[in-house]
Amino acid sequence: MQKFVYEYATKVYFGAGAVKKHLAQAVSGYGQNVMLAYGGGSVKKNGIYDEVKKILEDAGKKVFDFSGVMSNPTYAKVQEGAGMAKKENIDFILAVGGGSVIDCCKIVAAQAKTEEDLWEMEMTEHKFPTEVLPMGAIVTASGTGAEMNGGAVITNEEKVTKAGMAAAAPRFAILDPEYTLSVPRMQVISGAFDTLSHAMETYFGNSDQDNVSDDVALSIMRNTVVNMRRLLKDINDVQARGNLMWDSAMAENGILKVGRVTDFQAHQMEHQLGAYTDCNHGQGLAVIHPAYYRHIVKDAEEKFQRFGKEVFGVDSAQAGVEALADFIKECGLPTKMGELKSKVEITPEILRNVADTCNVIKCNPRELSRDEIYDLLMECM
Ligand code: NZQ
Ligand code: ZN
């Protein structure tokens, strides 16, 4: 185990009816002006918006809508939100959505407190925000675990870069599995695959032998696969949705990463693929993961063997990787670049750009060269 300081910033309210039961009390300690942030309108169709707004107004809050946060939220949208937060003297931000709305709000919360350009501050000067507006999250689509950590993934369209930024974690997160029942099937499955990916990416980072995080990560992977299979049989299985919702938070709330390094090379490739194509995050990962693991399986054979055995019940390292590829097919997730919904045609030139601009991880089984990254991305064509 490496040295660490660990603190849990987010209070979690989990279960059916959790918003009705806890929201008024959860926001009671903050000021009157609340920014209610949401995406492209699903919350209006499924009634979540009305329920949340009424609770806030009954609690004496003045509500300001910040709507239209897109999937793969952009830095321009962050600036719009920060401008509004300053103009309306917002005291508290409530993100109601999936990872995109939550991430956007985390950075709005920081940008609202400074005149400095946050992207430049973090990416060029390597300084991080010290003051943020308080925020909370109501999760309507699970998978990213964004509700329980202080990172956010933002697309800077001008710079054609999708990157992780640091901000503050939500003060609270409300997780009601029933709120996820209206999420489209493919988003449910790709969100859950993102959770599986987070646990794999942590596990395949170099770690001490017998590290407890490896054991917990494998449990989360197993549980995610079991519950995804339940959803393949019955997409409305609310118990499985709930199990996956907590798997999602557990995989990205930092508990797996304590005292160790992680991999996240697949994420680095996918994020840049997202910058060029605006593809769905979980689906991009589904395409990339098997190809990446075929490249590194020999560099961490023991670990891959354990992964294969404990997650998919197969005997060898190679069989573990192929079992993952088969599971992706079983889920109906995309397996080739051409199956991803993209704003542009995915060409070898784009993949070259992705390979040339993504972050390269050094604490994984083997550091890849940019040419090898390009080769493996091309294997996904
Ligand atoms: O925009 P609306 O209309 O709300 O529709 C959304 C969106 O189209 C829909 N949706 C959400 N809740 C719904 C619903 N539809 C019906 N009923 C509901 N209850 O779902 C679609 C996808 O939402 P989005 O938030 O984009 O998905 P997800 O939760 O997968 O978030 C993806 C973003 O999170 C980042 C990804 O890179 C991507 O930008 N990530 C954030 C991480 C973090 N902060 O820790 C870690 C991840 O690795 C990831 O990078
Ligand atoms: Zn992810």
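Structure: above.
Residues numbered from 1 in each chain as written. Chains lettered and ligands numbered in written order. Predicted model: local features only at pLDDT ≥ 70, side-chain atom pairs only at ≥ 80, totals over all residues. Heavy atoms only, no water.

Visitor: Please explain the site of ligand 1 as it appears in this structure.
Guide: Neighbouring ligand 1 are 32 residues, the closest being G40, S42, S71, G99 and S100. Within the side chain of S42, an N or O atom sits 2.7 Å from an oxygen atom of ligand 1. Take N149: an N or O atom from its side chain is 2.9 Å from an oxygen atom of ligand 1. Starting from 960 Å² of accessible surface for ligand 1 in isolation, the protein chains cover 87%. At the level of secondary structure, the elements contributing two or more residues to the shell around ligand 1 comprise α5 (99–111), β6 (151–156), α7 (185–203) and α10 (265–277). Top contributing element to the shell around ligand 1 by residue count: α5, with 4 residues. (Near = heavy atom within 4 Å. Polar contact = N/O pair within 3.5 Å; in protein donor to acceptor, adjacent residues only side chain to side chain. Areas by Shrake-Rupley, 256 points an atom, 1.4 Å probe, with all protein chains shown as cover. Helix = DSSP H or I, 4+ residues; strand = E, 2+ residues; numbered from the N terminus.)

Visitor: Could you clarify how one ought to interpret the pairing of strand β7 (residues 161–166) in this entry?
Guide: A regular strand carries its side chains on alternate faces of the sheet. In terms of strand pairing, β6 meets β7 through 6 bridges, oriented antiparallel. Residue pairing across strands places A152 opposite M165, the latter belonging to β7. The antiparallel hairpin formed by β6 and β7 contains 4 residues in its connecting segment, where V160 sits at a positive phi of about 45 degrees. (Pairing = 2+ DSSP bridges.)

Visitor: I tried to follow the coordination of the zinc ion (ligand 2) on my own but got confused; where do I start?
Guide: Metal coordination angles have textbook ideals: 109.5 degrees for a tetrahedral set of four donors and 90 or 180 degrees for an octahedral set of six. All of the protein donors around the zinc ion (ligand 2) are D194 (OD), H198 (NE2), H267 (NE2) and H281 (NE2); their distances to the metal are 2.0 to 2.1 Å. Counting the intervening residues between successive donors of the zinc ion (ligand 2) yields the motif D-x3-H-x68-H-x13-H. Of the two residues, H267 is situated in helix α10 and H281 in helix α11 (residues 281–296); the sequence distance between them amounts to 14 residues. Residue classification places H267 among the buried positions, given a relative accessible area of 4%. (Donors = N, O, S within 2.8 Å, 3.2 Å for Na, K, Ca; no water. Buried < 20%, exposed > 50% of the residue type's maximum accessible area, 1.4 Å probe, protein only.)

Visitor: Can you walk me through the packing of aromatic side chains in this structure?
Guide: Given two aromatic rings, one states the distance between the centres and the angle between the planes to describe the pair. Under the counting rule described, the total for this entry stands at 15 aromatic pairs. On the numbers, 6.4 Å between centres and 85 degrees between planes, the contact of F304 with F307 is edge-to-face. Of this pair, F304 and F307 both sit in helix α12 (residues 301–312), 3 residues apart, which is roughly one turn of that helix. Accessibility assignment for this pair places F304 and F307 in one class, buried. Among the aromatic residues, those joined into a cluster by ring pairs are Y203, F204, Y292, Y293, F304, F307, F312 and F327. In this structure, K44 packs its charged tip against the face of Y49, placed 4.5 Å from the ring centre. (Phe/Tyr/Trp six-rings, centres within 6.5 Å; stacked < 30°, edge-to-face > 60°. Lys NZ or Arg CZ within 6 Å of the ring centre and 35° of its normal.)

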